[in-house]
Amino acid sequence: MKQGFGRAGRMSLGALLMGATVLHGVAALAQDHHAAARKWIADEFQPSVLSQEEQAAEMDWFTTAAEPFRGMEINVVSENIPTHTYESQVLTRAFEEITGIKVRHDLLQEGDVIEKLQTQLASGQNIYDAYVNDSDLIGTHFRYGAVMPLDDFMAGDGKDVTSPTLDLADFMGLSFTTAPDGKVYMLPDQQFANLYWFRQDLFTRPELMERFKARYGYDLGVPVNWSAYEDIAEFFTKDVKEIDGAPIYGHMDYGKKDPSLGWRYTDAWFSMAGTGDKGLPNGKPVDEWGIRVEDCHPTGSSVTRGGDINGPAAVYALSTSIRWLKDYAPAEAQGMTFYEYASVPTHGNIAQQAFWYTAFTADYAKENIPVVDDDGNPKWRVAPSPHGAYWQEGMKLGYQDAGSWLLLKSTPTDRAKAAWLYAQFVTSKTVDVHKSHIGLTFVRDSTIRHDSFTERAPKLGGLVEFYRSPARVMWTPTGTNVPDYPKLAQLWWQNISTAISGETTVQQALDNLATAQDKVMERLERAGVMTTCGPKLNKESSAEDWYARAEANPDWLAPQRKLADEKPRGETVSYDALLDAWASGKAKPDGL
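For the structure given in this document, a descriptive report is provided here. (Residues numbered from 1 in each chain as written. Predicted model: local features only at pLDDT ≥ 70, side-chain atom pairs only at ≥ 80, totals over all residues. Heavy atoms only, no water.)

Digging into the overall build of the chain
The line we're drawing: Numbered from the N terminus, helices here are DSSP runs of H or I no shorter than four residues, and strands are runs of E no shorter than two. The reference for a compact globule is 2.2 Å times residues^0.38; the radius of gyration itself is calculated from the C-alpha atoms. The classification of residues rests on relative accessible area computed with a 1.4 Å probe and restricted to protein chains. Under 20% of the type maximum is buried, over 50% is exposed, and intermediate values are partly exposed. Contacts were defined at the residue level, with two residues in contact if any of their heavy atoms lie within 4.5 Å. Working definition of accessibility: Shrake-Rupley area with a 1.4 Å probe, residue cover restricted to the visible protein chains. None of His or the chain ends enter the tally, which takes Lys and Arg as positive and Asp and Glu as negative. Positions of charges follow a simple convention, taking NZ of Lys, CZ of Arg, CG of Asp or CD of Glu.
Scanning the chain for helices and strands turns up 23 helices and 13 strands. A compact globule built from 592 residues should have a C-alpha radius of gyration of about 25 Å, and the chain, at 27 Å, falls within 12% of that. Expressed along its principal axes, the backbone C-alpha trace of the chain runs to roughly 110 × 60 × 40 Å. Residues classed as buried in the chain amount to 58% of the 592 residues present. Taking all contacts inside the chain whose residues are at least 6 apart in sequence as the whole, residues at least 24 apart take part in 76%. Accessible surface, the chain as shown: approximately 23,300 Å² in total, 52% of it carbon and sulfur. Separation between the mean location of the 57 positive side-chain charges and that of the 80 negative ones in the chain comes to 4 Å.

Some thoughts on the packing of helix α8 (residues 206–216) against helix α9 (residues 226–240)
For the record, the criterion: Axis definition: a line fitted to C-alpha atoms, over the contacting stretch in the case of helices. Angles run 0 to 180 degrees between N-to-C directions. Each angle gets one of four labels, with under 35 degrees taken as roughly parallel, over 145 as roughly antiparallel, 65 to 115 as roughly perpendicular, and the rest as oblique. Left-handed describes a crossing in which the near helix is turned anticlockwise from the far one by less than a right angle; the clockwise case is right-handed.
The N-to-C vectors of α8 and α9 enclose an angle of 110 degrees; their axes lie 11 Å apart at closest approach. Comparing the axis directions of α8 and α9 gives the class roughly perpendicular. The two elements α8 and α9 meet at a crossing, and its hand is right-handed. Residue-level contacts link L208, R211, F212, R215 and Y216 of α8 to D231, I232, E234, F235, F236, D239 and V240 of α9.

Remarks on the state of the cysteines
In plain terms, the rule: The criterion for a disulfide is a pair of cysteine sulfur atoms lying within 2.5 Å.
In total, this model carries one disulfide according to the counting rule given. The disulfide partner of C296 is C533, and the gap between their sulfur atoms is 2.0 Å. The sign of the S-S torsion, about -90 degrees, decides the handedness of the disulfide formed by C296 and C533: left-handed. Of this pair, C296 sits in the loop between β8 (292–294) and β9 (297–300) while C533 sits in the loop between α21 (506–527) and α22 (543–552); the two residues are 237 residues apart in sequence, bridging distant segments of the chain.

Digging into the packing of helix α12 (residues 312–328) against helix α20 (residues 485–501)
This is how the line gets drawn: Note on residue categories: nonpolar means Ala, Val, Leu, Ile, Met, Phe, Trp, Tyr, Cys or Pro, charged means Asp, Glu, Lys or Arg, and polar means any other residue, Gly included.
Two elements in contact, α12 and α20, have axes separated by 10 Å at closest approach and are oriented at 50 degrees. Between α12 and α20, the crossing angle belongs to the class labelled oblique. The way α12 lies across α20 gives a crossing that is right-handed. Across the interface between the two elements, L318, I322, L325 and K326 of α12 pack against I496, A499 and I500 of α20. Class assignment for the residues of the contact of α12 with α20 results in six nonpolar, no polar and one charged.

Focus: the nonpolar core
What counts is decided by this rule: Only buried residues count toward a nonpolar core. Its members are Ala, Val, Leu, Ile, Met, Phe, Trp, Tyr and Cys residues joined through side-chain atoms within 4.5 Å.
Counting 115 residues, the largest nonpolar core has F236, Y265, W269, F270, L318 and Y341 as its most contacted members. The greatest single-element share of this core, amounting to ten residues, is contributed by α12. Apart from the residues within four sequence positions on either side, Y265 is in contact with F270, L318, S321, W492, I496 and I500. Residues F45, F62, A94 and A423 belong to the second largest nonpolar core, which totals 45 residues.

Brief notes about the packing of aromatic side chains
Defined as follows: Aromatic rings from Phe, Tyr and Trp, taking only the six-membered ring of Trp, are treated as a pair when their centres fall within 6.5 Å; an angle between ring planes under 30 degrees marks them as stacked, one over 60 as edge-to-face, and anything in between as tilted.
Within the structure shown, the criterion is met by 55 aromatic pairs. With a centroid separation of 5.4 Å and an interplanar angle of 25 degrees, the aromatic rings of W226 and Y316 are classed as stacked. Note that W226 is positioned in helix α9 and Y316 in helix α12, a separation of 90 residues in sequence. Residues F338 and Y339 carry aromatic rings whose centres are separated by 5.2 Å and whose planes lie at 80 degrees to one another, so their mutual orientation is edge-to-face. A relative accessible area of 52% means that Y339 is categorised as exposed.

Quick notes on unusual backbone geometry
The omega torsion across L280 and P281 is 10 degrees, close enough to zero to call that bond cis. With an omega of -5 degrees, the peptide bond running from A558 to P559 counts as cis. Within the secondary structure layout, P559 lies in the loop between α22 and β13 (572–573). Positive phi values are uncommon outside glycine, yet K241 reaches one of about 65 degrees. You can see K241 is positioned in the loop between α9 and β6 (242–243). Backbone geometry at A268 places phi at a positive 75 degrees, although glycine is not the residue there. Within the secondary structure layout, A268 lies in the loop between α10 (259–266) and α11 (269–273).

Observations regarding the pairing of strand β2 (residues 102–108)
On any regular strand, side chains alternate: one points to one face of the sheet, the next to the other face. Counted only if it meets this: The pairing criterion is simple: DSSP has to find at least two bridges between the two strands. When the strands point away from the viewer, a crossover counts as right-handed if the route from the first strand across the helix to the second turns clockwise.
Summarising the sheet, strand β1 (residues 73–79) and β2 pair through seven bridges and their orientation is parallel. By the bridge assignment for β2, E73 is matched with K102. One crossover worth recording links β1 to the parallel β2 by way of helix α3 (residues 82–99), and it is right-handed.

A few points about the pairing of β9
Two strands pair when backbone bridges link them, and β8 and β9 are joined in this way by three bridges, in the antiparallel orientation. The residue of β9 that forms the bridge with R292 is G300. From the end of β8 to the start of β9, which pair antiparallel, there are two residues, and D295 there has a positive phi angle of about 50 degrees.

Considering the pattern of salt bridges
Test applied: Any carboxyl oxygen of Asp or Glu that lies within 4 Å of a side-chain nitrogen of Lys or Arg is treated as forming a salt bridge with it.
In total, this model carries 32 salt bridges according to the counting rule given. Put simply, R323 and E230 hold a salt bridge, and the shortest N to O gap is 2.6 Å. In this pair, R323 sits in helix α12 while E230 sits in helix α9, placing the two residues 93 residues apart along the sequence. Judged by its relative accessible area of 33%, R323 is partly exposed. Across the salt bridge formed by E566 and K562, the nearest N and O atoms sit 3.3 Å from each other. E566 sits in the partly exposed class, given a relative accessible area of 24%. We classify K562 as exposed; its relative accessible area is 59%.

Printed below as a string of structure tokens:
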């Protein structure tokens, strides 16, 4: 027994003392993480929908859940917009101090994010542990089977790292990231809509209001339909011509042959015209890309296969946008890309724009620019998009971007779990209100209803009122009908540009687009690369056959025949009436 106090005994005692020291160090380190959380809560994460005590409890959960992953470094990626810049530069530091997990959050152009994602999908090599990817790809992710459904992850491997305060029901865009199997595949991180933008200060000038009504027979106001939008565009460009000695135009757009021309149209322009069927978040069985789906299988986009991308509604949509670009926008707009056109209305010479991303809000609300008054209030407002002649009640009315977190099955489980913690952290109720004041890309209903946004609303031109209204559900991303977004999206700018340049007619351009989309879907069908709900194209028949079938089916609308009158009387509504309707919980004023 004395041997127990010999060399071996002394080593055991030393190991015991060392273990105690390590345990003390771990406890102290954990205490440091908890203390760091409280410092961030006090110094950075205000305001919040949670009390500081509730914030501390939420952050304590992250500290505890992260214990197995302390010291790990993970890699995530998103596109480069202010919301994600804040995450990359500030929230990564907070997350590391609170959890002990280091995050490299790369910021890339959206196209580069998709390229990295496609590379990882093709190779199976883990490039990033999580991606923020537009929910436009939900149909792609669902069908290829390489993305981990979050519902499965939260119930399985990720159960112990899923926050009890995540509150999925609070996310406004969850329907956008839900696949036909009913599972949530992606977690929204930022959203912005594509709305109608107009100069409220000009629309309420008595002399302009009188001139407009005398000429068109109805009030100058927010256009309800495209006819009114066109009348207003004509009024400012052709009649008013100048405001305070400077040129004024009734429309702004862009038309250069460039990849950005694609999302000008895929971002739901055709839905605004009335292409596709009724249904939210997207038309069923035909969506705004003109793609018909039957039993979850895409069956074609040409009218001769039951689709609608080259039908009369689509021809009307593209023809109208080209006419407006050439007749009512500044001449240089035809040669601009998205990135060149985006800031033009801030110069003060554009009266309205039918297609305006709310992600521009912060830049358009800066002081000392022509569209902000001397008191720092915007001279402009945002309102619901006007609709085209083919649009009917029950259809979506525009686009909403929803950049959302996704996990790939190729990512090692421990890295996916650590990345999932980070994704929840940057969208947590502790963080979200403050983050939303920076990026103005709301994802939580509780955030948009916070008192701090009530106070800030007058400086944001109607953005807060819109997101609090029931109307917001009519602006949605690309949906699940699109089987392979990257392959199909590139076809749009390549074909639509030929109609803008005059190389083809509008009908020829859309026929070519329909044919190209159907060929891609045919190849996907033959290859059998999709694990579920892959394309099964209909055999071609006459357009007349499909028009008749749509008319005979009470649940179908598309494809619609050409209307006898594509320019009904213009209709407008006062902006105050819109606000009153939204405040009372209505999507629009009674009588519209």
